[in-house]
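Coordinate analysis (summary)
Each chain is listed here by its residues.
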Amino acid sequence: MKALALGILAALLLLAAPNRHALAAEASEAPGAKPLAVGTAFPDVPLIGPVSPELADNLGIPQNGPTPIAKIKAEVLIVEIFSMYCPFCQRDAPAVNELAALIDKQGLAGRLKIIGIGAGNSDTEVDIFRKKFKVPFALFSDATFAVHSAVGQVGTPYYYVLKKTPQGFTIVAAHLGLIHSPADFLKDVTAKAGL
Amino acid sequence: MRLFTTLPAVVAVLAALALAAPALADAPLPPGLAANIFQVPHLPPTDSQLAVAVGSPMPDFDLPTVTGGRVRLADYLGKKNLVISFVPAAWTPVCSGQWPGYNIAQDAFEENDDALVGITVDNIPTLYAWTRQMGGLWFPVASDFWPHGGLAQKLGILRRDGVSERALFLVDKKGVIRFIDVHDINVRPDLGPLLEAMAKVHAEK
């Protein structure tokens with residue numbers, strides 16, 4: 001009987017698992033996605049594309065890349081993998097802007113920064129997204145999907161939360177899909193990054 | 001009996017799981033909007049012989065749209081430059097991303113006095129359902145279903161299996177084709193070269 005109960009429990013847990021994913025849904029699928037594990041080093045991917053002098057200054061990088069991501073001056077870095085072609089990323093854009101505003105408001109801007117990398121997007125396409133949604137943080141292009149491939153071919157939008165270590169950035173959290181509450185998201189980021 | 005005493009605990013665990021929607025999940029699998037997208041194997045990049053060239057007149061067309069109207073070449077002549085985006089098939093991976101991208105590029109089209117028309121060889125009900133799932137589009141979507149691929153054939157972009165190439169055409173206000181990109185069907189074209197061509201045609205006045 002005990003075995004039966006445990007069996008039912010296991011079956012129900014298996015059935016429940018997709019529901020848990022469904023809650024985190026609302027993302028564009030990336031076949032073959034293998035997100036990088038929390039606790040592992042984030043690859044030192046190149047950041048490509050021109051950024052404004054102000055944003056370059058804020059991140060401590062040159063305006064024109066490619067710049068290795070580890071050069072970014074930040075204690076904690078949120079990296080959004082997005083695409084201008086992804087309807088979920090488009091829908092998520094106002095929430096991410098709100099997240100950036102919250103970071104400023106809470107006086108965390110010097111320590112916690114956000115960047116976006118447009119998977120499969122050229123500079124022109126990244127620029128269309130930037131202008132359309134008035135994105136206040138730096139967006140970089142990844143026309144060849146090279147960065148997308150290096151970071152696990154994730155679905156979009158995908159958020160990696162990275163913490164600076166002497167060796168570079170390490171992944172402390174990850175999130176697939178829309179950010180429904182920028183405040184809750186920020187709370188989780190600061191908790192998991194120990195800010 | 002033991003089962004019945006265990007059940008409340010099972011229910012409690014399930015309820016906890018169902019309610020647990022952490023803002024930061026540890027890398028869940030992509031569940032996908034794409035549940036309805038048909039996965040297509042890698043195809044030969046192109047499979048047709050282009051029948052027009054830059055400088056050729058755009059063949060005439062008069063096609064039904066998903067909103068019940070029609071699009072005709074004559075609607076644009078003398079009024080707007082026209083971009084025609086052919087995508088191979090509804091409900092396939094690359095195509096399902098391409099037009100949602102164009103959806104946020106409306107300003108770039110308008111700045112260059114361009115209209116955009118999306119066309120596939122699918123029938124209207126299929127295109128209706130598919131574009132609705134995208135959340136709607138600002139530009140008309142027309143069907144080149146019957147006679148099957150009629151316009152695609154005039155342009156020389158109908159593949160042997162009955163779908164069209166993934167192709168972009170820019171037609172100026174005089175009806176002359178000014179830019180053609182018959183793209184590798186497996187890959188989404190970069191909008192950059194099209195926008196450059198649009199700006200060049202617009203600058204001519």
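Please refer to the structure higher up on the page.
Report follows, based on the coordinates. Bear in mind that the values here come from a model prediction, so they are computed numbers and not experimental data.

Summing up its helical and strand segments, chain B has six helices and seven strands in all. In sequence order, the secondary structure elements of chain B are arranged as α-β-β-β-α-α-β-α-β-α-β-β-α. Sorting the 205 residues of chain B into buried and exposed places 49% on the buried side. Relative to all contacts within chain B whose residues are 6 or more apart in sequence, the contacts with residues 24 or more apart total 71%. Accessible area of chain B: about 9,600 Å², with a carbon and sulfur share of 60%.

Think of a ball as big as a water molecule: rolled over the atoms, this probe shows where empty space is left. Residues and elements named next belong to chain A. As enumerated under the stated definition, the model contains one cavity of 30 Å³ or more in all. Here the largest cavity defines a volume of roughly 40 Å³. If you go around the largest cavity, the residues you meet are Glu80, Phe82, Ala93, Val96, Asn97, Phe129, Val135, Phe137 and Leu139. Listing elements by their share of the lining of the largest cavity, those giving two or more residues are strand 3 (76-82) and helix 3 (87-105). When residues in the lining of the largest cavity are grouped by element, the largest group, three residues, is from helix 3. Its residues placed into classes, the lining of the largest cavity shows seven nonpolar, one polar and one charged.

A separate point is helix 2 (residues 93-102) of chain B. With respect to burial, helix 2 of chain B is a largely interior element, eight of its 10 residues being buried. Within helix 2 of chain B the residues assigned to the buried category are B:Cys95, B:Ser96, B:Gly97, B:Gln98, B:Trp99, B:Pro100, B:Gly101 and B:Tyr102.

As a further point, take helix 3 of chain A. The periodicity of an α-helix, 3.6 residues per turn, causes residues three or four places apart in sequence to face the same way. Residues and elements named next belong to chain A. Spanning 19 residues, helix 3 covers 28 Å between terminal C-alpha atoms, matching the ideal 27 Å at 1.5 Å per step. Taking the largest bend as the criterion, helix 3 deviates by roughly 40 degrees, centred on Ala93, and proline Pro94 comes between one and four positions later. Once helix 3 finishes, Gly107 follows within two positions and takes phi at roughly 70 degrees, a positive value.

Turning our attention to the sheet that holds strand 7 (residues 168-176) of chain A. All names here are of chain A. Here we have five strands laid out as an open sheet, ordered 5-4-3-6-7, and mixed in their pairing. The two strands at the open ends of the sheet, each matched to only one other strand, are strand 5 (138-142) and strand 7. The mean inter-strand angle of the sheet, taken between neighbouring strand axes irrespective of direction, is 25 degrees. Sheet analysis places strand 3 next to strand 4 (residues 112-119), joined by seven bridges and oriented parallel. Each residue of the ladder has a partner; that of Ile78, found in strand 4, is Ile114. On top of the sheet, helix 3 reaches strand 3, strand 4 and strand 6 (158-165); it is set at about 160 degrees to strand 4, its chief contact. Each of strand 3, strand 4 and strand 5 is contacted by helix 4 (residues 123-133), which is oriented at about 150 degrees to strand 5, the strand it contacts most.

A few words on the environment of A:Ile117. Residue and element names in this part refer to chain A. Its location among the elements puts Ile117 in strand 4. Between the alpha carbons of Ile117 and Leu139 there is a distance of 5.7 Å; along the sequence they are 22 residues apart. Those residues within four positions of Ile117 in sequence are excluded, and the remaining contacts are Leu47, Val79, Glu80, Ile81, Phe82, Phe140, Asp142 and Val147.

Residues and elements named next belong to chain A. Contact geometry for helix 3 and helix 6 (residues 182-193): axes closest at 9 Å, N-to-C directions at 55 degrees. The orientation of helix 3 with respect to helix 6, classified from their angle, is oblique. Once helix 3 is placed against helix 6, the crossing between them reads as right-handed. Counted together, Ala95, Glu98, Leu99, Leu102 and Ile103 of helix 3 and Pro182, Ala183, Phe185 and Leu186 of helix 6 form the full contact between these two elements. The residue inventory of the contact of helix 3 with helix 6, partitioned by class, reads eight nonpolar, no polar and one charged.

This part covers the nonpolar core. Within the largest apolar cluster, 61 residues are counted, with the highest numbers of intra-cluster contacts made by A:Ile78, A:Phe129 and B:Leu194. Setting aside its immediate chain neighbours within four residues, A:Phe129 contacts A:Phe82, A:Ser83, A:Met84, A:Cys89, A:Gln90, A:Ala93, A:Val135, A:Leu139 and B:Ile104. Core analysis: the next-biggest nonpolar cluster, separate from the first, contains 31 residues, A:Val45, A:Ile69, A:Ile81 and A:Ile115 among them.

Cut-offs used in this document
Residues numbered from 1 in each chain as written. Chains lettered and ligands numbered in written order. Predicted model: local features only at pLDDT ≥ 70, side-chain atom pairs only at ≥ 80, totals over all residues. Heavy atoms only, no water. Helix = DSSP H or I, 4+ residues; strand = E, 2+ residues; numbered from the N terminus. Buried < 20%, exposed > 50% of the residue type's maximum accessible area, 1.4 Å probe, protein only. Contact = heavy atoms within 4.5 Å. Areas by Shrake-Rupley, 256 points an atom, 1.4 Å probe, with all protein chains shown as cover. 1 Å grid on protein atoms, 1.4 Å probe; cavity = no way out; pocket = protein on both sides within 12 Å on 5 of 7 lines; lining within 4 Å. Points joined across faces, edges and corners; volume = space filled by probe spheres on them. Nonpolar A, V, L, I, M, F, W, Y, C, P; charged D, E, K, R; others polar. Expected span 1.5 Å × (residues − 1). Bend = angle between axes of the 7 residues up to and from the residue. Pairing = 2+ DSSP bridges. Axes fitted to C-alpha atoms, helices over the stretch in contact; angles between N-to-C directions. Parallel < 35°, antiparallel > 145°, perpendicular 65-115°, else oblique. Left-handed = near helix turned anticlockwise from the far one by under 90°. Core = buried A, V, L, I, M, F, W, Y, C linked by side-chain atoms within 4.5 Å.

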